[in-house]
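Each chain, written out:
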Amino acid sequence: MKKPIELSDISRYRGELMGLAMLFVMLFHVWMPKSNPMYGLVRCGNVGVDIFLLLSGVGLWFSWTGNPSPKRFFVRRFQRVYPAWLVMACLFYIPNYVSTPGGGYSPDVPNLIANILVGWSFWRIDDLTFWFVPSIMVLYVLAPAYMVLIRRHPAYRWMPVVAMVLAVMVQYYPPVHRAVGHLEIFFSRIPIFLIGLNLGAWVKERRTVDGASVWLFALAFVMSLAMCVEFEQSWRGRSPLFLERMVYIPLTVSAVVLLALALRHIPHAVCRALAFIGTISLELYLVHIQFVLKYIAPYRLGYSLTFLLMLAVSLVLAWVLHKAVDLIISKAPPQPSRRVGG
């Protein structure tokens, strides 16, 4: 391949990549028997979470460097995530509390309120129902400080390596493990988020990579995918999960680069469909398991039919939620505009 790889394609196709990531996650969540030859590959759909985090980091770099106002940054993040989260958290945690008082995710009213506001049961007892949302909100809070740091001191772009060591400490270093070992799923995803913030600068600067390196990305993709399939097929439950999530890092980076290249050649109609899914990916995440798959799975319709039915229903519900939130936000009092530097 002689033509350079344009990293700006990651931004150009960010919506489509988000859509693919959401489809990977939904494929992962549908049950499949381990005897199925596709089991290991389908279980690797969990890497969609890491793709989200990488792309979120890239998007945050664009947002922050375009207008480095903390107030604007946090208001925009709040408006994108919190209203949809608040609606769905109420619909899930309140009925759970009423039906199982003291025995569900909220043992009392203060815990119920904390669950609705910040997903407290994830931090308290590793409740994975909506774990991604409280996790990404914490990462959003930390992101501006990291972006300021790496702009002032570029050497700190190596922080993802430190975050990898932290993930190992969470698993194996007794004081850290006792304190936050139940949050491995969060700590092992910090490195890919920081890599996304690092990558955002290169994407915005429209940097290119030697076209011949496509074979390096392909090699990293094949090797890491093979290892992840092996983890899922043979080692699940026999090795710490964070080991596979560390392999997700090269899998995610190589997959995003290769998928961005492939999307150049995908029909426009397919790209539009993927971009639409990417636009409502947050809402899809919030509705597809607890409000759709939970009610379809008992019918045992088979993997493919279950997935397609879940996708169809979830798309409708997610679109309605997305539009309802947009309507609420549009009626909120506008923020006073401020010019940069004045």
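Preceding this section is the structure that the text describes.
Values in this document were obtained by computation on a predicted structure and should not be read as measured data.

Calculation rules
- Residues numbered from 1 in each chain as written.
- Predicted model: local features only at pLDDT ≥ 70, side-chain atom pairs only at ≥ 80, totals over all residues.
- Heavy atoms only, no water.
- Phe/Tyr/Trp six-rings, centres within 6.5 Å; stacked < 30°, edge-to-face > 60°.
- Buried < 20%, exposed > 50% of the residue type's maximum accessible area, 1.4 Å probe, protein only.
- Helix = DSSP H or I, 4+ residues; strand = E, 2+ residues; numbered from the N terminus.
- Lys NZ or Arg CZ within 6 Å of the ring centre and 35° of its normal.
- Salt bridge = Lys/Arg side-chain N within 4 Å of Asp/Glu carboxyl O.
- Core = buried A, V, L, I, M, F, W, Y, C linked by side-chain atoms within 4.5 Å.

Undergrad: Which parts of the structure should I look at to understand the packing of aromatic side chains?
TA: What characterises a pair of aromatic rings is the spacing of the ring centres plus the angle enclosed by the ring planes. Per the stated rule, a full pass over the model turns up 17 aromatic pairs. Judged by centre distance (5.0 Å) and plane angle (85°), the rings of Phe92 and Tyr93 are edge-to-face. Grouping residues by exposure puts Phe92 and Tyr93 together as buried. Their ring planes at 65° and their centres at 5.8 Å tell us that Phe132 and Tyr285 sit as a pair that is edge-to-face. Placement of the pair is Phe132 in helix 8 (residues 132–152) and Tyr285 in helix 16 (residues 281–296), with a sequence separation of 153 residues. Each member of the pair Phe132 and Tyr285 is classed as buried. Above the ring of Phe62, the side-chain terminus of Lys204 is found at 5.9 Å from the ring centroid.

Undergrad: Looking at this structure, I do not really get the pattern of salt bridges. What am I missing?
TA: Two side chains that carry opposite charge are able to pair once their charged atoms sit near each other. The tally for this structure, following the rule as stated, stands at 9 salt bridges. Where Asp9 meets Arg264, a salt bridge forms, and the shortest distance between an N and an O atom there is 2.6 Å. Separated by 255 residues along the polypeptide, Asp9 in helix 1 (residues 8–12) and Arg264 in the loop between helix 14 (241–263) and helix 15 (268–279) bring together distant segments of the chain. What you see here is one network of salt bridges that share partners, running through Glu6, Asp9, Arg12 and Arg264.

Undergrad: I would appreciate a short explanation of the nonpolar core in the present structure.
TA: For soluble globular proteins, nonpolar side chains are generally found buried alongside one another. Ranked by internal contacts, the top residues of the largest apolar core, which has 99 residues, are Ile10, Trp85, Phe193 and Leu286. Examining the composition of this core, we find that 11 residues originate from one element, helix 4 (residues 47–66), more than from any other. Formed by 5 residues, the second largest nonpolar core is a distinct cluster that contains Ile5, Val214, Phe217 and Leu261.

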